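# Report on the structure
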Protein chains: 4
Amino acid sequence: MSTARLETFADGVFAIAATLLILNVDAQVGEHSGAIGDRLLAIWPSNIAYAVSFVTIGIIWSNHHTVLAQLGRVNRAFLMQNVLLLMCVAFLPFPTRLVAEHVRDRHDLQPAALAYGATMTVMAVCYITLWLYASHGHRLLREDADPRTVSGITRSYLPGTPLYLTATLIAFASPIASVALFAGIALFYVVESSIFGGASIETA
Amino acid sequence: MSTARLETFADGVFAIAATLLILNVDAQVGEHSGAIGDRLLAIWPSNIAYAVSFVTIGIIWSNHHTVLAQLGRVNRAFLMQNVLLLMCVAFLPFPTRLVAEHVRDRHDLQPAALAYGATMTVMAVCYITLWLYASHGHRLLREDADPRTVSGITRSYLPGTPLYLTATLIAFASPIASVALFAGIALFYVVESSIFGGASIETA
Amino acid sequence: MSTARLETFADGVFAIAATLLILNVDAQVGEHSGAIGDRLLAIWPSNIAYAVSFVTIGIIWSNHHTVLAQLGRVNRAFLMQNVLLLMCVAFLPFPTRLVAEHVRDRHDLQPAALAYGATMTVMAVCYITLWLYASHGHRLLREDADPRTVSGITRSYLPGTPLYLTATLIAFASPIASVALFAGIALFYVVESSIFGGASIETA
Amino acid sequence: MSTARLETFADGVFAIAATLLILNVDAQVGEHSGAIGDRLLAIWPSNIAYAVSFVTIGIIWSNHHTVLAQLGRVNRAFLMQNVLLLMCVAFLPFPTRLVAEHVRDRHDLQPAALAYGATMTVMAVCYITLWLYASHGHRLLREDADPRTVSGITRSYLPGTPLYLTATLIAFASPIASVALFAGIALFYVVESSIFGGASIETA
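Here goes a summary of the coordinates provided. (Residues numbered from 1 in each chain as written. Chains lettered and ligands numbered in written order. Predicted model: local features only at pLDDT ≥ 70, side-chain atom pairs only at ≥ 80, totals over all residues. Heavy atoms only, no water.)

### Concerning the overall build of chain A
We count it as follows: Numbering of helices and strands runs from the N terminus, with a helix taken as a DSSP run of H or I at least four residues long and a strand as a DSSP run of E at least two residues long. Two things to know: the radius of gyration comes from C-alpha atoms, and the globule rule equals 2.2 Å times the number of residues to the power 0.38. Remark: exposure states derive from per-residue accessible area (1.4 Å probe, protein chains only) relative to the maximum for the residue type, with buried under 20%, exposed over 50%, and partly exposed in between.
Looking only at helices and strands, chain A features nine helices and two strands. When the helices and strands of chain A are read in sequence order from the N terminus, they spell out α-α-α-β-α-α-α-α-α-α-β. Here the C-alpha atoms of chain A give a radius of gyration of 18 Å, agreeing with the 17 Å that 2.2 N^0.38 yields for 204 residues. A principal-axis box enclosing the C-alpha atoms of chain A has dimensions of 60 × 35 × 35 Å. Sorting the 204 residues of chain A into buried and exposed places 61% on the buried side.

Dropping the structure here:
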């Protein structure tokens, strides 16, 4: 199988998971009563959660391409690893909604933050697993894959799992700090991309 | 990254956001009771709102391609700008539903129209930002990009932000006029395309 | 714009509209109470309606490709005509649900059948319009488009509008006959394709 | 029609059907009351069902590509067979939800397991039908299709229908055993792919 069809399927899941996030905001506004202006103000956490998860999915999508661009072939094991990664991506709208619904409720935020963090951590594990599987001993890499790009990808993906695991564990002490950390990671990436992302020009 | 995969992801979000709009009509008809014929008549604003937002997303999709067709490469900063644009596109079904539910209710229409207008205005800002970023100093343009096409795109996109901002601010005086203006912009574009769009023949 | 990106967007809308149909079945089973076996039997119209609309969307998708395969270029007017066609496609899950909910209720089935038929008729009008626009005077056809294929497409699409209009108008006399006719058209196409569709072999 | 556009449409349906599965989990958690931690624990069947159906769709998607990679052309009959297959794929979220809601309820699990099994069995029939249709007498195969690959595909797909039919019929004796068998088939495939899937390296 060429990487082309993996991209079509993966991009479909990324796009749908991101777009389904808005259904959470929709559902939230329906659960509040009163004037619509008040209800819109009451659901600000849903809007923040929508933005954070949308940007997070956008980042994973962008990184997923960086990986596939280095590959010259795929095999059935790699495809299944991708299915597992996409299963986490498609799951994300669910804990996003839990966090959005409970962000102003210190006690009940804890299980929501743990569910969100566990999803992100498993996703990071799936991510580094498929990259290490594909790149180990040049198993699936293109003939002309640049060694510096390859080791650069490894270096930049390795911290993902401990970072998300830490943010998740922080929820045991302070759920709100955990949630703020997830938002911060997404915000950091967007700002960092805006400042340094201009250097990574690639030919179309 | 080639522009190809950006198109797959973007087209996915455009297609899903447009198609999810029908869920609003679905939800509306469920909220009314009585004979189904009466309920269908009662939800005409949902049908109008569906058509306006669907056409609006179609226009943005068509313009998004016009931009990408001029590019020879993308970078990470540009990708993140696209994620932010798509975040607005995917958000659109939500304020569309608010407007549809409140279009016959003068007082509560105001926050709905403001939410719709704010979404459209932020989207227009994202749009012109990514175009100016890509075209400034030929940063991401194709080698053979036609200067007249490039400056033509700039000219036709620059009025978007003030136009949508004006339509939004009008909601403070008259929400219904604001909503009518958004519908009018979409209708104008469809009619204008039908009359003048035949000239812009491009090779496949 | 090449036809490639129009295909991506269109296929996205086709795929999503078809897949969203299952949400209707989901919603239906939730509205019935009692043992799940009884509820599954009670919602058979939803299952039939799901199948009919899914196959109908599949047929339109297949025909849409036949049209695009003849084109060498597109213009902005043609894109907008496609947006209008896709607007009808994405709308289809809504009247499908109305019909499914009311198929055993002679009186209330009439407005549901009329809504379904109106959607199909407008879709057929959009379809023949964009084809005649593209093929008239070879406006958007490929240089090497086969005249017999082109006139064959015109011949096979022209009856669509009167056929669906007739099925719609029959709903004024007998809603159930109208609905049966829509199901019959879809079933006929599938059977006819199975028997005669083997002849139309095309190179990949 | 080239196989390319069939892939776009099919991948769209696969991706959407897989991603819509999360709406079932969403709906489930809303139906329970109490602290969110308890509710999350109460819906573990939904999470298992989500994973099983997501992986199952991923397997079908991966197999679907293996088939298309052998084809050199398609015809209208083959397209309609694909529409019927995709109709089963898009239907899967519905019986998945039924099973998830009733997995701890021995009596009511039976109709749910039968609905799930019937969907899987019909899907397997559609699958082997379209493969035998395409490969019989090399009807749609590529000129250079490898005979060993072709007969290998036939050998590995033929057991699907009796396997799923058996798992379905077991639901008459023990619904829970039937459901466990469906989960086991998916798990087996993932594990088997991880161990043996590395051998099937294909050029991009």
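This is not the end of the story, as more comes after the structure.
### As for the relation of the copies chain C and chain D
To keep things clear, this is the line we draw: A least-squares fit on C-alpha atoms brings the copies together, and the residues used are those whose pLDDT is at least 70 in both copies. Contacts are residue-level and defined by heavy atoms, with any inter-residue pair within 4.5 Å sufficient.
For these two chains of identical sequence, chain C goes onto chain D by a turn of 90° and a shift of 0.0 Å along the axis, with RMSD 0.0 Å. Both copies are brought into coincidence by an operation consistent with a four-fold rotation axis. Closest to the rotation axis within chain C is the C-alpha of G12(C), separated from it by 4.3 Å. Both copies present different contact surfaces, since only 7% of the interface residues of chain C are interface residues in chain D too.

### So, the nonpolar core
A general feature of soluble globular proteins is that nonpolar side chains tend to end up buried together. The line we're drawing: Residue types Ala, Val, Leu, Ile, Met, Phe, Trp, Tyr and Cys, when buried and joined through side-chain atoms within 4.5 Å, form a set referred to as a nonpolar core.
Core analysis: the largest hydrophobic core is formed by 304 residues, its most contacted members being F78(A), F78(B), F78(C) and F78(D). Not counting residues within four places of it along the chain, the set of residues in contact with F78(D) comprises L6(D), L68(D), L71(D), L130(D), Y133(D), A134(D) and L140(D).

### Observations regarding the packing of aromatic side chains
What counts is decided by this rule: A pair of aromatic rings is counted whenever rings of Phe, Tyr or Trp (Trp by its six-membered ring) have centres within 6.5 Å, and the orientation is called stacked for planes under 30 degrees apart, edge-to-face for over 60 and tilted otherwise. Ring-over charges, as used throughout, are those where CZ of Arg or NZ of Lys falls within 6 Å of the ring centre and within 35 degrees of the ring normal.
Counted under the stated rule, the structure contains 28 aromatic pairs over all chains. Ring centres of F91(B) and F94(B) lie 5.6 Å apart, and the angle between their planes is 70°; this geometry places the pair in the edge-to-face category. With respect to class, F91(B) is no different from F94(B); both count as buried. Summarising the aromatic geometry, the rings of Y164(B) and F182(B) are spaced 5.9 Å apart at their centres and angled 15° between planes, so their arrangement reads as stacked. Pair noted here: Y164(B) is in helix α8 (residues 160-173) and F182(B) is in helix α9 (residues 175-196), with a separation of 18 residues, a long-range link. Comparing Y164(B) with F182(B), the two get one shared label, buried. Through successive ring pairs, a cluster of aromatic residues spans Y50(A), F54(A), F91(B) and F94(B). Over the ring of Y133(A) we find R139(A), and its NZ or CZ is 4.1 Å from the ring centre.

### Examining unusual backbone geometry
All names here are of chain C. Notably, H138 is not glycine yet its phi reads approximately 55°, a positive angle. If you trace the backbone, H138 turns up in the loop between α6 (106-135) and α7 (147-157). Of the residues examined, H138 reaches a relative accessible area of 43% and is grouped as partly exposed.

### Some details on the relation of the copies chain A and chain D
Turning chain A through 90° and shifting it by 0.0 Å along the axis lays it on chain D, with an RMSD of 0.0 Å. When the interface residues of chain A are mapped onto chain D, a mere 10% of them are again interface residues, pointing to distinct binding faces.

### Here we look at the environment of D105(D)
Residue and element names in this part refer to chain D. Mapped onto the secondary structure, D105 falls in the loop between α5 (93-102) and α6 (106-135). By relative accessible area, which is 34% here, D105 ends up partly exposed. In sequence terms D105 and T66 are 39 residues apart; their C-alpha atoms lie 39 Å from each other.

### Examining the packing of α8(B) against α9(B)
Residues and elements named next belong to chain B. Going by this rule: Angles shown run from 0 to 180 degrees and are taken between the N-to-C directions of axes, each axis being a line fitted to C-alpha atoms and, for helices, limited to the stretch in contact. Under this scheme an angle from 65 to 115 degrees is roughly perpendicular, one under 35 degrees roughly parallel, and one over 145 degrees roughly antiparallel; angles in between are oblique. Here the nonpolar group is Ala, Val, Leu, Ile, Met, Phe, Trp, Tyr, Cys and Pro; Asp, Glu, Lys and Arg are the charged ones; every other residue, Gly included, is treated as polar.
At a closest axis distance of 6 Å, the pairing of α8 and α9 adopts a crossing angle of 155°. Comparing the axis directions of α8 and α9 gives the class roughly antiparallel. Two secondary-structure elements touch here, α8 through L163, Y164, A167, T168, I170, A171 and A173 and α9 through P175, A177, S178, L181, F182 and I185. Of the residues assigned to the contact of α8 with α9, the class counts are 11 nonpolar, two polar and no charged.

### Side note on the state of the cysteines
Operational definition: Count a disulfide wherever a pair of cysteine sulfur atoms falls within 2.5 Å.
Per the stated rule, a full pass over the model turns up zero disulfides over all chains. Just so you know, C126(A) is unpaired, no disulfide at all, and the nearest cysteine sulfur is the one on C88(A), 4.2 Å from it.

### Some details on the interface of chain C and chain D
Applied cut-off: Using a 1.4 Å probe, buried area is obtained as the accessible area two parts lose upon being combined, added over both of them. For salt bridges, the criterion is a side-chain nitrogen of Lys or Arg within 4 Å of an Asp or Glu carboxyl oxygen. In the analysis that follows, any N or O atom pair within 3.5 Å is treated as a polar contact, provided that within protein one partner can donate a hydrogen and the other can accept it, and provided that, for residues neighboring in sequence, both atoms belong to side chains.
Taken residue by residue, the interface counts 42 residues in chain C and 39 residues in chain D. When the two sides are added together, the surface that chain C and chain D hide from each other amounts to roughly 3600 Å², 71% of it contributed by carbon and sulfur. For the pair chain C and chain D, the number of links is one salt bridge. Applying the counting criterion to the chain C and chain D interface returns four residue pairs in polar contact (both at pLDDT 80 or more). Listed by contribution, the elements that provide at least two residues to the side of chain C that touches chain D are α1 (3-31), α2 (36-42), α3 (44-68), α9 (175-196) and β2 (202-203) of chain C. At 13 residues, α1(C) tops the list of elements feeding residues into the side of chain C that touches chain D. Its residues assigned to classes, the side of chain C that touches chain D comprises 24 nonpolar, 13 polar and five charged.

### Section: the interface of chain A and chain D
Each partner contributes residues to the interface: chain A has 39 residues there, and chain D has 43 residues. When chain A packs against chain D, close to 3600 Å² is buried across both sides, 71% of that on carbon and sulfur atoms. For the pair chain A and chain D, the interface holds one salt bridge. Across the pair E192(D) and R76(A) runs a salt bridge whose closest N-O atoms are separated by 3.2 Å. For the interface between chain A and chain D, the tally reads four residue pairs in polar contact (both at pLDDT 80 or more).

### As for the arrangement of the chains
Across the gap from chain A to chain C, with no contact made, the nearest C-alpha atoms are 9 Å apart. Nothing in chain B touches chain D; the tightest C-alpha to C-alpha distance between them is still 9 Å.

### Focus on the side chain of D108(D)
Along the chain, the position of D108(D) falls in helix α6. Residues within four places of D108(D) in sequence aside, it is in contact with A35(C), I36(C) and H102(D).

### Focus on helix α4 (residues 76-91) of chain D
Residue and element names in this part refer to chain D. Applicable threshold: The length a helix should cover is 1.5 Å for every residue beyond the first.
Across its 16 residues, α4 extends 23 Å between first and last C-alpha, which sits within 8% of the 22 Å expected from 1.5 Å per residue. In terms of residue burial, α4 counts as a mostly covered element, since 14 of its 16 residues are buried. Capping the start of α4, N75 holds a side-chain oxygen 3.2 Å from the backbone nitrogen of A77, two or three residues further along.

### Some remarks on a nonpolar patch on the surface
All names here are of chain A. Quick reminder of the rule: Patch construction takes residues with relative accessible area above 30% that form no salt bridge. Like charges are linked within 9 Å, and nonpolar side chains (Val, Leu, Ile, Met, Phe, Trp, Tyr) are linked within 5 Å. Values of accessible area rely on a 1.4 Å probe in the Shrake-Rupley scheme; residue burial ignores everything except the protein chains shown.
A surface patch of nonpolar side chains, amounting to about 430 Å² of accessible area, comprises L187, V191, I195 and F196. With respect to the helices and strands, V191 occurs in helix α9 (residues 175-196). Residue classification places V191 among the partly exposed residues on the basis of a relative accessible area of 41%.

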